[in-house]
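Chain and residue survey
Residue-level listing of the chains:
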Amino acid sequence: MLHGIDVSSFQSSSYGTDGLSFVFVKATEGRSYVNPRLSAQAKRGRDAGLVVGFYHFLWPGHLSDQAQHFVRHAPEHPGDLLAVDWETTGAGTHASNADKDLFIRTLKRLRPHNRVLLYTNREYWLNVDVTSYAGDGLWIADYVTAGHPRINAEWRFHQYSSDPHDRSVAAFAHASALREWAAP
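Residues numbered from 1 in each chain as written. Predicted model: local features only at pLDDT ≥ 70, side-chain atom pairs only at ≥ 80, totals over all residues. Heavy atoms only, no water.

1. Quick notes on the packing of aromatic side chains
Where we set the bar: Classification of ring pairs rests on two measures: the distance between centres of Phe, Tyr or Trp rings, Trp counted by its six-membered ring, which must be within 6.5 Å, and the angle between planes, read as stacked under 30 degrees, edge-to-face over 60 and tilted in between. Per-residue accessibility, obtained with a 1.4 Å probe over protein chains only, is compared with the maximum for each type, and a residue is labelled buried under 20%, exposed over 50%, and partly exposed between these values. Each helix is a run of DSSP H or I of at least 4 residues and each strand a run of E of at least 2, with the numbering of both proceeding from the N terminus. Remark: a charge is flagged as sitting over a ring if the NZ atom of Lys or the CZ atom of Arg is within 6 Å of the ring centre and within 35 degrees of the ring normal.
Scanning the entire structure with this criterion turns up nine aromatic pairs. Pairing Phe22 with Phe24 gives two aromatic rings, centres 6.0 Å apart and planes at 75 degrees, and the pair type is edge-to-face. Summarising the burial analysis for this pair, Phe22 and Phe24 share the class buried. Each ring, one from Tyr55 and one from Trp139, has its centre 6.2 Å from the other, and the planes form 80 degrees; the classification is edge-to-face. Taken together, the residues span a long stretch of sequence, with Tyr55 in strand E4 (residues 51–57) and Trp139 in strand E7 (residues 137–141) at a distance of 84 residues. Through a chain of ring-to-ring contacts, the aromatic side chains of Phe22, Phe24, Tyr55, Tyr119, Trp139, Phe157, Phe172 and Trp181 assemble into a single cluster. For the cation-ring pair, Lys100 lies above Trp86, with the distance from its terminal atom to the ring centre recorded as 5.1 Å. A cation sits over an aromatic face here: Arg105 above Tyr133, 4.0 Å from the ring centre.

Next comes the structure, spelled out in structure tokens:
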């Protein structure tokens, strides 16, 4: 299993990269928020030779505007991964299944040369999701032993810890397999 982390404005732009194969950087949220450390955090990952991904925290409604906002700010680079973060918002709401699915399909149309993933937690996957649509792959959050999420579904990434960063493993035997998959 390959190891990686995800970072947002809450983490430093000089995060440690030893032992990592990938990093996901929060790019945007809703229709207006942009991570002020986006460029520096992405550069740190690229400079370390990591596969870089970007994620958007999805809010209900205005999906076209949110997708455009995300692709305006997430660098367009071959082999980068794109993900939609689908969970409860700070306002206690969440985008619907239809919104989530449409957002993923819109990203796949806007960025046909990038893999698009669904990030969600085990509770959402088991009890909120009714379509099981995850685009090109599922990134599941379940804080148990790395690589053993408690779901009956194929996954590409498993977030298993949040200490000191959100830590994930990828279901690839080696970094070159991840790079090859990420560049369809």
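2. Comments concerning the nonpolar core
The following threshold applies: Side-chain atoms within 4.5 Å link the members of a nonpolar core, which is a set of buried Ala, Val, Leu, Ile, Met, Phe, Trp, Tyr and Cys residues.
Core analysis: the largest hydrophobic core is formed by 38 residues, its most contacted members being Val23, Phe54, Phe70, Leu118 and Leu138. Looking at this core element by element, the count peaks at four residues for helix H2 (residues 63–73).

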